[in-house]
Amino acid sequence: MKHSYSLFLLLVILILNSCDKKQAINIAGSTTVLPIISIAAEEFRKTNPDIGIIVNEGGSGVGVNQLGEGKINIGLVSRDITQEEIKAYPNVTFNTISIGKDAVVPVVSSEIYNSGITTLTLENIAKIYRGEIKNWKDLNGPDKEILVVDKEASRGTRHVFMEIILGDKEAIASGADLVLGSNNEEQTAIVQSDAAIGMLSNAWLNEDVKGLNIKMLDGTVIEPTLENIINNKFPINRDLLIVTNAEPTGEVKKFIEYLLSSEGQIIVEEAGYVGINQ
Amino acid sequence: MNRNMKNRLFYISIGLAVTICSLILLFLFGIIIWNGLPAISLDFLTNSSTNFGADGGIVYQIFGSILLILFAALICLPIALGTAIYKSEYLKNEILHKILNTLIYSLNGIPSIIFGIFGLIFFVNLLNMGISWIVGSIILSIMILPTVTLSTYQAINSIPTVYRESSSALGLNKWQVIVQVLLPQGFHGAVTGLLIGIARAIGETAPIMFIATAFSGVELPSSFLEPVSTLPTHILALAQQATNPVALQNAWGASLVLVMLVIIFSISALFIRLRHQSISKS
Amino acid sequence: MLGSTNNIGKYYVYGSTLISAFIVFLIFSILLVNSWEAVTTIGLDLFNLNWNPATREFGIWSMLFGTLVVTFIALLIAVPLGVATAIFTSEILPSTYRIVVKSLLELLAGIPSIIFGLIGIAFFSIWIQNIFDLQSGRTILTAGILLSIMILPTIITLTDDAFNNIPSKYRETAKGLGLYKYEIIKEVLLPIAKPDLKGAILLAFGRALGETMAVMLVIGSIDKIPDPIYNWLSPGQTITSKLGREIAETSFGSVHFSAMIFMGLLLFIIVLILTIISQNSLKSNGRLYE
């Protein structure tokens, strides 16, 4: 009884030591890039069944950290890597590759959109997030308090959004009511409310979560359409990045090449984003 | 207010509390079964998840959860047995006994997320084992250690002293008494403890979500150092899309499967416990 | 040969016991070492109000506040409900049904916390939102209610054991004196069961403090103290929800990481103290089977 156990433990230790850690591609990070990678991995494995691809979520910050700590091969990042992050991992050469383009869209609950608030200026959105505008009636909407939905601090969507809206990617939004994580979670909270405003990747807009048009300083109104993302007119846009430590090699390189190929780019577009060649 | 009135009021408030508790129980199980049952089919149980977990089945999640607890049990058992034997047969000092008890109960009380953080720092970062299912198993084995130890201890300790004395009189040394007499008698305690521990461990999310699991793409791990996907972390990912009806249905389905697994382990533990109680009484 | 197996056996049990005993210390030292940087570089500012890693402010006060309030709400609901139900199961219900109740409780205790989270998001938060006409049902109260259900089995099981352990001669004597059931329980049984009750509540307190998944999904996760402070219908943050959401985003070894671990250490110490006190007042071993 006892002997079989010591044997078993010995076996565990042996296997632990002989394990080759590079058998599978480990990927983690932004929930914005995740749908592309998830589907691309499924497709890629149809032609490359020997290569395992393990995908984990957690947000852009998680992607950068885990890559920095050598836990994964590819980090998914939907924003720029910050100076602090580069400084935190001096031994890592962050190598970023863009696989698509996206916009971060200010979104509202459909009840608000249908009540007539379809367009806001960046300034008004900033006032909402600073807590200076607290009720939709101040924007000629219904008399309802605004539910301001913020995101966790290192999330890619938040960095990109706050950079444009409050001028600093790590700005504090003192008007925020909820702080949530993934795109899914943010979307759910906005659907569950009838007076919410939030920030979402363009691919997450639907019947219940409506993207706002943005009124620019010169008075033009920009709609969150793919066309406006392609021609860079929509003011809050970003590249969807995959990050590796130094130049990718081997299987990782093969997978990245697949993402950049025409097949891979079709997946990017079907997921609701804009391909890199557009 | 007279005494009779007070007594009646007392009965009413007790009745109210019992009604509320029963309703809560009914509601919880009702909701899990009502929402989970439509999701469950043979395809759901035997297919891998696709499309972001919203489509397809949960076969690899079930596999991952079982793998984690199976190895947690295997890692935990020898340590728990040893500790229980020491506590029952070797430890005679009252104060040391108290200290050991305190340590075991303290371990039992530690919040599950603390185990997750400990695993993240110690195994994932310091020992550089990466995010891998074996780390999850080790952490879960630590979590269930107190339950298994105490349950084994009770079983061994309740064996009448006369067994020990008569076996020693036959010329067996202490270790032979333990292996040949006490362990066979007390092993059911270890099994009960393991089943109770497993029933608790299989539903844990917080300890494993940073250190052992991945969201998708995981099939059968080919080594000890790969992550797996599990039922609780799958539910966590799907719960965040609570307004997507397809994902939500899969979340309920996975929940029902998870609860069923928990119930299977708890009921087995209950049966073993009851059987041995009736044996020792007769 | 005989002697050597005896010795090996001895080393084996000594070794296992050392491991079991050592783990708690190992966890404690790991937490302590990793939170040291935060303690030395931030110091007392750790107990400030603002948490903002970008400006290197790491004040944990709002998390601490959230944790205490959520737990308080949970106990406020679960203690009266649980104790009353336990009085029913131990003093009123015929003892043949006790096994049924115990099994049902075990089932309730067996529901994993992530499923409570799912139920919380899909039902509780929406109910709270509609009942109180809020913009969002992700509130401190929602988390507290959810938690109260989760600690209910602990309280009922341990209280039930406590009453059950009281020898029936007390009840018979009291009945002989002509006391009503209410008086028997209040004047005779409750005082006897008091230490166990205290233990049960402390243990449930510890459980509630450390609960993560369900709380994390429904509390709203904003690092703010409600305004006004008793407005529990607003979102908040607990130590556990903060850890669950943010620990993976912080880089290992940074001050940010260290400050997160400091919160973990604090939680660990509080729960440890509660566990030790409750162990000293509890006579039953019912908690083993939770």
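Residues numbered from 1 in each chain as written. Chains lettered and ligands numbered in written order. Predicted model: local features only at pLDDT ≥ 70, side-chain atom pairs only at ≥ 80, totals over all residues. Heavy atoms only, no water.

A short note on the packing of helix α9 (residues 231-239) of chain B against helix α4 (residues 113-131) of chain C
Cut-off, in case you're wondering: Lines fitted to C-alpha atoms define the axes, with helix axes restricted to the stretch in contact, and inter-axis angles between N-to-C directions lie between 0 and 180 degrees. Runs of E in the DSSP output that reach at least two residues are strands. Runs of H or I that reach at least four are helices, and both are numbered from the N terminus. Angle categories are assigned with fixed cut-offs, so that under 35 degrees is roughly parallel, over 145 is roughly antiparallel, 65 to 115 is roughly perpendicular, and the rest are oblique. Left-handed describes a crossing whose near helix is turned anticlockwise from the far helix by less than a right angle; the clockwise case is right-handed. What makes two residues a contact is simply this: any of their non-hydrogen atoms within 4.5 Å. Under the grouping applied here, Gly and all other residues not named as nonpolar or charged are polar, the nonpolar ones being Ala, Val, Leu, Ile, Met, Phe, Trp, Tyr, Cys and Pro and the charged ones Asp, Glu, Lys and Arg.
As a packed pair, α9 of chain B and α4 of chain C sit with axes 9 Å apart at the nearest point and diverge in direction by 15°. Relative to α4 of chain C, the element α9 of chain B is oriented roughly parallel. Judged by the sense of rotation from one axis to the other, the crossing of α9 of chain B with α4 of chain C is left-handed. From α9 of chain B, Pro232, Ile235, Leu236 and Ala239 of chain B reach across to α4 of chain C, where they touch Ile114, Ile115, Leu118 and Ile121 of chain C. In the contact of α9 of chain B with α4 of chain C, the residues fall into 8 nonpolar, no polar and no charged.

Regarding the pattern of salt bridges
Cut-off, in case you're wondering: Whenever Lys or Arg places a side-chain nitrogen within 4 Å of a carboxyl oxygen from Asp or Glu, that contact is recorded as a salt bridge. The classification of residues rests on relative accessible area computed with a 1.4 Å probe and restricted to protein chains. Under 20% of the type maximum is buried, over 50% is exposed, and intermediate values are partly exposed.
The full count for this structure, using the stated rule, is 22 salt bridges over all chains. Here Glu89 of chain B ties to Arg164 of chain B by a salt bridge, and the two come within 2.8 Å at their closest N and O atoms. Placement of Glu89 of chain B in helix α3 (residues 59-90) and of Arg164 of chain B in helix α7 (residues 161-169) is noted, with a sequence separation of 75 residues between them. Pair check on accessibility: Glu89 of chain B and Arg164 of chain B agree, each one buried. Between Asp160 of chain C and Arg98 of chain C there is a salt bridge, and its shortest N-O distance comes to 2.6 Å. Placement of Asp160 of chain C in helix α5 (residues 140-164) and of Arg98 of chain C in helix α3 (residues 98-110) is noted, with a sequence separation of 62 residues between them. Residue classification places Asp160 of chain C among the buried positions, given a relative accessible area of 2%. Each of Glu152, Arg155 and Glu185 of chain A together with Arg245 and Glu249 of chain C takes part in a single network of salt bridges with overlapping partners.

Overview of the pairing of strand β4 (residues 94-109) of chain A
All names here are of chain A. For clarity, the threshold we go by: Being paired, for any two strands, means DSSP has found at least two bridges between them.
Counting buried positions along β4 gives 14 out of 16 residues, so the element sits mostly inside the fold. Direction of pairing for β4 relative to strand β8 (residues 196-201): antiparallel, over a ladder of 5 bridges. Bridge pairing in β8 places Val108 opposite Ile197. Strand direction decides the pairing type here: β4 and strand β9 (residues 209-211), joined by 3 bridges, are antiparallel. Paired with Val108 across the bridge in β9 is Lys210.

Observations concerning the UniProt feature "domain: PBP" (unreviewed entry) in chain A
Just so we agree on the cut-off: UniProt positions are given in the numbering used here, feature names are shortened, and annotations may be inferred rather than shown by experiment.
In the numbering used here, UniProt assigns the "domain: PBP" (unreviewed entry) feature to residues 24-263 of chain A. With 34% helix and 28% strand, residues 24-263 of chain A has its two end C-alpha atoms placed 22 Å apart.

Structural notes on the interface of chain A and chain B
Defined as follows: Summed over both partners, buried area is the accessible surface (1.4 Å probe) that two parts give up on being assembled. Polar contact is defined as a pair of N or O atoms within 3.5 Å, subject to the rule that within protein one atom must be able to donate a hydrogen and the other to accept it, and that residues adjacent in sequence are counted only when both atoms are side-chain atoms.
If you look at the interface, chain A gives 30 residues, while chain B gives 35 residues. Of the roughly 2,800 Å² buried where chain A meets chain B, counting both sides, 62% is carbon and sulfur surface. In this structure, the connection of chain A to chain B is made through 0 salt bridges. Seen at the junction of chain A and chain B, the total is 4 residue pairs in polar contact (both at pLDDT 80 or more). For the side of chain A that touches chain B, the secondary-structure elements that each account for two or more residues are α1 (2-18), α2 (34-47), β2 (52-57) and α8 (183-192) of chain A. Taken together, the residues that form the side of chain A that touches chain B break down as 13 nonpolar, 9 polar and 8 charged.

Notes on the confidence of the model for chain C
Residues and elements named next belong to chain C. Quick note on the threshold: Per residue, pLDDT captures the predictor's confidence, and it can take any value from 0 to 100.
Mean pLDDT over chain C stands at 89; residues scoring 70 or higher make up 96%. Element-level mean pLDDT values for chain C span from 85 in α3 up to 94 in helix α2 (residues 61-92). Low confidence marks residues 286-290, where pLDDT is under 50. Its contacts with residues over four positions away, or in another chain, come to 23 contacts. We note a pTM of 0.91 for the whole complex and an ipTM of 0.91 for its interfaces.

A short note on the environment of Asp45 of chain C
All names here are of chain C. If you trace the backbone, Asp45 turns up in the loop between α1 (2-41) and β1 (51-52). Residues Asp45 and Gly59 lie 14 residues apart in sequence; the distance between their C-alpha atoms is 6.2 Å. When sequence neighbours within four positions are dropped, the list of residues in contact with Asp45 reads Phe58 and Gly59.

Things to note about the domain arrangement of chain A
In many reports, interface size means the accessible area that the parts give up when they come together. All names here are of chain A. Put simply, the test is: Segmentation of the chain into domains, including their bounds, is taken from an automatic or database domain assignment.
The assigned domain composition of chain A is domain 1 (2-100 + 239-270) and domain 2 (103-230). Taken together, the 11 residues of domain 1 in the interface contact 12 residues of domain 2. Note on domain 1 versus domain 2: buried area summed over both sides is about 820 Å², and carbon and sulfur give 51% of it. When the area that domain 1 buries against domain 2 is broken down by residue, the three leading residues are Thr31, Thr32 and Arg79, summing to 50%. At the junction of domain 1 and domain 2, the tally comes to 0 salt bridges.

Brief notes about the UniProt feature "domain: ABC transmembrane type-1" (unreviewed entry) in chain C
The UniProt feature table records "domain: ABC transmembrane type-1" (unreviewed entry) at residues 64-278 of chain C. Secondary structure content for residues 64-278 of chain C is 76% helix and 0% strand, while the C-alpha to C-alpha distance between its ends is 22 Å.

Regarding a nonpolar patch on the surface
All names here are of chain C. In plain terms, the rule: Residues form patches when they are more than 30% accessible in relative terms and have no salt bridge. Like charges link within 9 Å. Nonpolar side chains (Val, Leu, Ile, Met, Phe, Trp, Tyr) link within 5 Å. With residues, only the protein chains shown are counted as cover, and all accessible areas are computed by Shrake-Rupley using a 1.4 Å probe.
On the surface, a nonpolar cluster with roughly 580 Å² of combined accessible area is contributed by Phe28, Leu32, Trp36, Val39, Ile269, Ile273 and Ile277. Listing elements by their share of the nonpolar patch, those giving two or more residues are α1 and α10 (255-281). Looking at which element gives the most residues to the nonpolar patch, the answer is α1, with 4 residues. Checked against the element boundaries, Phe28 lands in helix α1.

So, the packing of aromatic side chains
All names here are of chain B. Using the following cut-off: Pairing of aromatic rings covers Phe, Tyr and Trp, the last counted by its six-membered ring, and requires centre-to-centre distances within 6.5 Å; plane angles under 30 degrees mean stacked, over 60 mean edge-to-face, and any other angle means tilted.
Counted by the stated rule, this structure contains 27 aromatic pairs over all chains. A ring pair is formed by Phe118 and Phe122, whose centres lie 5.5 Å apart and whose planes are at 10°; its orientation type is stacked. You can see Phe118 and its partner Phe122 sitting in helix α5 (residues 112-126), 4 residues apart, about one turn around the helix. Its relative accessible area of 1% is what places Phe118 among the buried residues. With a centroid separation of 6.0 Å and an interplanar angle of 80°, the aromatic rings of Phe118 and Phe123 are classed as edge-to-face.

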